[in-house]
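Structural overview for review
Here are the chains, one letter per residue:
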Amino acid sequence: MALCLVFFFPACSQVKPTSQSDGSDASLSPDPGSSAIFPHADGWADPSSHGLWVLNSGETVCMSCHEENASTTSSTTPTCASCHPLFPHSDGWVDSSSHGAYVIESGGTSACATQCHGTDLAGGLSGISCNTCHDIYPHTTDWAEAANHGASAEGDGKETCTACHGDDLAGGFSSVSCTQCHSLYPHADNWSEGDQHGARVMADDTSACATQCHGTDLAGGLSGVSCTSCHSTYPHSGNWASAAIHGATAEGDGKEACKACHGDDYSGGISSVPCSRCHNLYPHSDNWADPSSHGETVNANDSSVCATQCHGTDLAGGLSDVSCSSCHSLYPHSDGWGEYSGHGAYGLTNSTTECRLCHGTDYQGGDNGSPSCYTCHTTYPHSSGWSSADEHGVAAYGTGKTSCATANCHGVNYEGNGATVPSCSSCHANYPHTDSSWVADAASTHATTFIEGILSGSSTICTECHGTDYTGNTGVTSCISCHTNGVTHTSGWSDATGHGQYYSGYYTAASTDASCPDCHGSAVTFDTTQTLSSLESQSDCYGCHWAYPHTGWSGSSYSWDVDSAANAWVTHALYALYSPLLIDSSGNTPSSRLTTASLPAVENTCGGGTAGNCHYSGTRNPLDDPSASNVCGVLCH
């Protein structure tokens, strides 16, 4: 600043030189610093003379003649203020609120840019430059350019600015606030928080930032602070909406960077743009991997909600690189999976364990909405105890086995399906009973099969299905519904008191109430051609009882039943006289059939052999009347 100095020197108090040592007139412009300054030397009005003198010696000497600030100006004793309105400076002038405010209010530094401080304010006569304190002031003519004041203020450099523009840079005594040009600068203390600068950007876009401060491309600019310093993907590129761009970026943990703007739960945050605006299922919930979460959603909406660029239209992974088959090797199911060639062939050839993930551990459909296997297969997958007759036997009985008789499972004829599904006959040699003659007659398949099984010691051949007591306790036919008098022989059955009494109590010539013929063959009608071997081949009874059961003599209308026919003796007599079966215990035919020589043969044949269980010793009446007389005396008479 220019210093206007007007000095007053009392002439009487000064030594006035008159000549130089060489005798010439002495100069009236004493050496600065000399106490003799009056009369003033030529050119004293020039600041380089009086001003420099005052700067070196002070203005005290001047004040004896000149007033510092007189109200009136004398032509002979001018005041300093006559030329220097601001000098001598007031107390506190060094305070920016004094000299600084003056410069700002007066419209510039013209009053300072004199010989005092120099027209360039670099110091001048005073040696005091503005930038002794203000290293960037006075501002250059192009200071308004961001490349100048902006670069200078970057970082902590703006501390220098506070001297004039205020501690808050809101103007100070300069009345020039940074915000006059920079609406958001200086930034608030917490500007780095997303809810501050982020919210502002979301409200007004990034245009206020895309200046020379951060760069029109927001890559840093003069500040060197790029948005990507903190936001690796912001500002978003022009094609950011493409799944191949933002989707690939957000995949995995990449979406952590999205939280700053879109919220910790991706519901919008300061951006007010939730991911669910386009992805209604993303980001996935914490338990999304659980089938009850993603599985239920897929079953409710099908897999189209997943078949996007995220997991791929073919669900093979897509941008996320997470394929459904990463966990579900069989899902999504291939075309035709509902056919046997799809899920059926797979389930029978492989384990169905993997199916449980979606269809439930019990294959009932689980809790994710997937269908139950039993919707189509009423008994499949089979339960753990399925091999028990109480399980599969009950289910297969009657028309129940229709579901088993498919070409893909046990076969239409229950023959099985290759190596994967067993045939019924692999365990049940005679089941299912498909032969039309199975129950046709005494020689039916079930009778002969049963007898063969019993004789071979296979007591379970029928009981495993029909029950140990043959009552059909697994839901199948009860044997006793047809065989009302029993199925199997009790202990002692081979004795006459067992099967003998049982049969005799039911059988007569006119009745077949006993069930024995069903298994053992029907009795035959005797004639003179019967032999033991021929009878044994026709009925099991004749293997032990050569002439029993009695069914009459061929050609005769007589009955064996002596209690119901008076002429029954004729049948007996004819038999005794002509039957080739009338032999003794040694197998010999009696030499005469009309003498007592026939008695051993009669006792053997009619008496029941050596056991004598039928007609005791040839007595007339059967077992229940042993006191009867000898056969007609001695045989006949």
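For clarity, every value in this text was computed on a predicted model and none was experimentally measured.

1. A short note on the overall build of the chain
- Of regular secondary structure, the chain possesses 19 helices and two strands.
- Taken across its 637 residues, the chain has 32% of its residues classed as buried.
- Taking the contacts inside the chain whose residues are at least 6 apart along the sequence as the reference set, 38% of them involve residues at least 24 apart.

2. A word on helix α9 (residues 291–301)
- Along α9, the positions that sit buried rather than exposed are P291, S293, H294, G295, T297 and V298.
- The inward-facing, buried residues of α9 abut α11 (356–359).
- Once α9 ends, the next one or two residues include D302, with phi positive near 65°.

3. Here's the deal with a negative patch on the surface
- There is a patch of like negative charges on the surface, built from E154, D156, E159, D167 and D168.
- Looking at the element boundaries, D167 is found in the loop between α5 (162–165) and α6 (194–204).
- Under the relative-accessibility criterion, D167 is labelled exposed at 75%.

4. A look at empty space enclosed by the protein
- Taken as a whole and assessed by the stated rule, the structure comprises one cavity of 30 Å³ or more.
- Volume-wise, the largest cavity comes out at about 40 Å³.
- Residue lining of the largest cavity: Y503, C516, P517, H520, G521, A523, S539, C541 and P549, and that is the complete set.
- A per-element tally of the lining of the largest cavity places helix α16 (residues 516–520) first, with three residues.
- Grouping the constituent residues of the lining of the largest cavity by class yields six nonpolar, three polar and no charged.

5. Section: the environment of S174
- If you trace the backbone, S174 turns up in the loop between α5 and α6.
- Taking relative accessible area as the criterion, S174 reaches 7% and is therefore assigned buried.
- Sequence separation between S174 and Y102 is 72 residues; the distance between their C-alpha atoms is 9.7 Å.
- Once residues within four sequence positions are removed from consideration, S174 is found in contact with I104, C164 and H165.

6. Remarks on helix α3 (residues 96–105)
- Those residues of α3 that sit buried are S96, H99, G100, A101 and V103.
- In the core, the buried residues of α3 are packed alongside α5.

7. Notes on the confidence of the model for the chain
- Chain-level statistics for the chain give a pLDDT mean of 76 and a share of 83% at 70 or above.
- For the chain, per-element mean pLDDT is lowest for strand β2 (residues 511–512), which scores 55, and highest for helix α10 (residues 340–349), which scores 85.
- In this model, residues 1–30 is a region of pLDDT below 50 whose contacts with residues beyond four sequence positions or in other chains number 103 contacts.
- For the stretch residues 618–637, pLDDT sits under 50, and the model shows 27 contacts to residues farther than four places along the chain or on other chains.

8. Brief notes about the nonpolar core
- In terms of nonpolar packing, the biggest core is built from eight residues, these being V524, F526, L535, Y542, A547, W553, Y575 and L581.
- A153, C161, L169 and C178 belong to the second largest nonpolar core, which has six residues in total.

9. Some words on unusual backbone geometry
- Cis peptide bonds are those with omega within 30 degrees of zero, and the linkage from Y234 to P235 qualifies with 0°.
- Positionally, P235 belongs in the loop between α6 and α7 (243–250).
- Looking along the chain, the bond that leaves Y380 and enters P381 is cis, with omega of 5°.
- Summarising the element assignment, P381 is placed in the loop between α11 and α12 (389–396).
- The backbone of Y266 shows a phi angle near 60°, a positive value even though the residue is not glycine.
- Within the secondary structure, Y266 is located in the loop between α8 (259–262) and α9.
- Using a relative accessible area of 9% as the deciding quantity, one classes Y266 as buried.
- Of note in this structure, L315 is not a glycine but carries a positive phi near 60°.
- Note on placement: L315 falls in the loop between α9 and α10.
- For L315, a relative accessible area of 5% translates into the label buried.

10. Focus: the side chain of H410
- Take H410: it is sitting in the loop between α12 and α13 (445–455).
- A distance of 2.8 Å separates the side chain of H410 from the backbone oxygen of P422, its partner in a polar contact.
- Excluding anything up to four places from it in sequence, H410 contacts H382, C404, E415, G416, V421 and P422.

11. Some details on the environment of G342
- Turning to its location among the elements, G342 is positioned in helix α10.
- When near neighbours in sequence (up to four residues on either side) are disregarded, G342 contacts G336 and W337.

Definitions and limits used
- Residues numbered from 1 in each chain as written.
- Predicted model: local features only at pLDDT ≥ 70, side-chain atom pairs only at ≥ 80, totals over all residues.
- Heavy atoms only, no water.
- Helix = DSSP H or I, 4+ residues; strand = E, 2+ residues; numbered from the N terminus.
- Buried < 20%, exposed > 50% of the residue type's maximum accessible area, 1.4 Å probe, protein only.
- Contact = heavy atoms within 4.5 Å.
- Patch = residues over 30% accessible without salt bridge, like charges linked within 9 Å, V, L, I, M, F, W, Y side chains within 5 Å.
- Areas by Shrake-Rupley, 256 points an atom, 1.4 Å probe, with all protein chains shown as cover.
- Salt bridge = Lys/Arg side-chain N within 4 Å of Asp/Glu carboxyl O.
- Lys, Arg positive; Asp, Glu negative; His and termini not counted.
- Charge placed at Lys NZ, Arg CZ, Asp CG, Glu CD.
- 1 Å grid on protein atoms, 1.4 Å probe; cavity = no way out; pocket = protein on both sides within 12 Å on 5 of 7 lines; lining within 4 Å.
- Points joined across faces, edges and corners; volume = space filled by probe spheres on them.
- Nonpolar A, V, L, I, M, F, W, Y, C, P; charged D, E, K, R; others polar.
- pLDDT = per-residue confidence, 0-100.
- Core = buried A, V, L, I, M, F, W, Y, C linked by side-chain atoms within 4.5 Å.
- Polar contact = N/O pair within 3.5 Å; in protein donor to acceptor, adjacent residues only side chain to side chain.

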